[in-house]
Amino acid sequence: MNFLKKVIPLFVLASLISSCSSSQQTAVNYPQQNFIDWEGRSSNGDVPAWIEPALNNDLDNLPSSLQQKLKNKYFIVIESRRDRMDKTSDAELKQAQQIAQADYMSCIARNLNTGIDAYSKGSLTNNKDTKKYLQDAASNAKFSGFNKVTESWVLTRSYSSKKKANVDTYKVFQIYACDKGSWQSQAQSYIKNVCSQDTTNEKLNDVAKHSKQIANIILPSKATIITSVDVK
């Protein structure tokens, strides 16, 4: 348990939103982003206030209105990216939205895998068989009770030294949240299921015995899906 407390903070974990967090919000200066388009811009709207904290993985400074929606819940922020190939089409934006929605459960599971492997001090991913158990479990993971709280997108422009040209990238953000109790029971079941793949494996058995502690500490977090398409 002490090991978990030392290791888990090294990963990017979302804190359980509490009522006191909104009262402690302070102004934060984020690195300047080169936004060239965003959801709502056509109607003269600003970049949604929660996008910059999400881009910078600052989940403690989400707007208070959003924090209220996430109160007493565990949540995951999915980021999906696609490079824009055709300036007359928004096909890549739609692809990024579809990918984020289709893959968020696997992202939750991969986050749990990180905690499982941290508890085993990396021994599970260093073993071919147990590594495959983790990968297969994440690919097939199903969770219930997670609802999409909000979503939005931005289009950023950056210079690529490799391509020697500007690259425009759609970045889609979706937030899914689940009741605390439902999340913990499902996370615990997931961990036990992974560990049941080989009952003769002592390390898996040890992880299974501590599934409750791991589930209580590992929270969903921001997960990034990089799906950019290279220009040939």
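See the structure above.
Residues numbered from 1 in each chain as written. Predicted model: local features only at pLDDT ≥ 70, side-chain atom pairs only at ≥ 80, totals over all residues. Heavy atoms only, no water.

## Re the nonpolar core
Within soluble globular proteins, side chains that are nonpolar tend to cluster in buried spots.
Moving on, step 1. Counting 35 residues, the largest nonpolar core has Ile-78, Phe-143, Tyr-190 and Ile-191 as the members making the most contacts within it.
Moving on, step 2. At the level of elements, β2 (73-83), α5 (91-119), α6 (128-139), β4 (165-179), α7 (180-195), α8 (202-209), α9 (211-217) and β5 (223-226) are the ones that each hand at least two residues to this core.
Moving on, step 3. Here the element with the most residues in this core is α5; it accounts for nine residues.
Moving on, step 4. Setting aside chain neighbours within four positions, we find Ile-78 in contact with Ala-100, Tyr-104, Cys-107, Val-172, Phe-173, Gln-174, Tyr-176, Ala-223 and Ile-225. (Core = buried A, V, L, I, M, F, W, Y, C linked by side-chain atoms within 4.5 Å. Buried < 20%, exposed > 50% of the residue type's maximum accessible area, 1.4 Å probe, protein only. Helix = DSSP H or I, 4+ residues; strand = E, 2+ residues; numbered from the N terminus. Contact = heavy atoms within 4.5 Å.)

## What to know about the packing of aromatic side chains
Moving on, step 1. Per the counting criterion, the structure on display carries seven aromatic pairs.
Moving on, step 2. Each ring, one from Phe-143 and one from Tyr-190, has its centre 6.0 Å from the other, and the planes form 40°; the classification is tilted. Pair noted here: Phe-143 is in the loop between α6 and β3 (147-160) and Tyr-190 is in helix α7, with a separation of 47 residues, a long-range link.
Moving on, step 3. A connected cluster of aromatic rings, assembled from ring pairs, spans Tyr-74, Phe-143, Phe-146, Trp-183 and Tyr-190.
Moving on, step 4. The ring centre of Trp-38 lies 5.5 Å from the NZ or CZ of Arg-41, which sits over that ring. (Phe/Tyr/Trp six-rings, centres within 6.5 Å; stacked < 30°, edge-to-face > 60°. Lys NZ or Arg CZ within 6 Å of the ring centre and 35° of its normal.)

## Structural notes on the pairing of β3
Regular strands show a simple pattern: their side chains alternate between the two faces of the sheet.
Moving on, step 1. Pairing of strand β1 (residues 35-38) with β3 involves three bridges; the strand directions are antiparallel. When the bridges of β3 are listed, Trp-38 appears paired with Val-154.
Moving on, step 2. Two elements, β3 and β4, share 13 bridges in a ladder whose sense is antiparallel. Its bridge partner lying in β4, Ser-160 is registered against Ala-165. (Pairing = 2+ DSSP bridges.)

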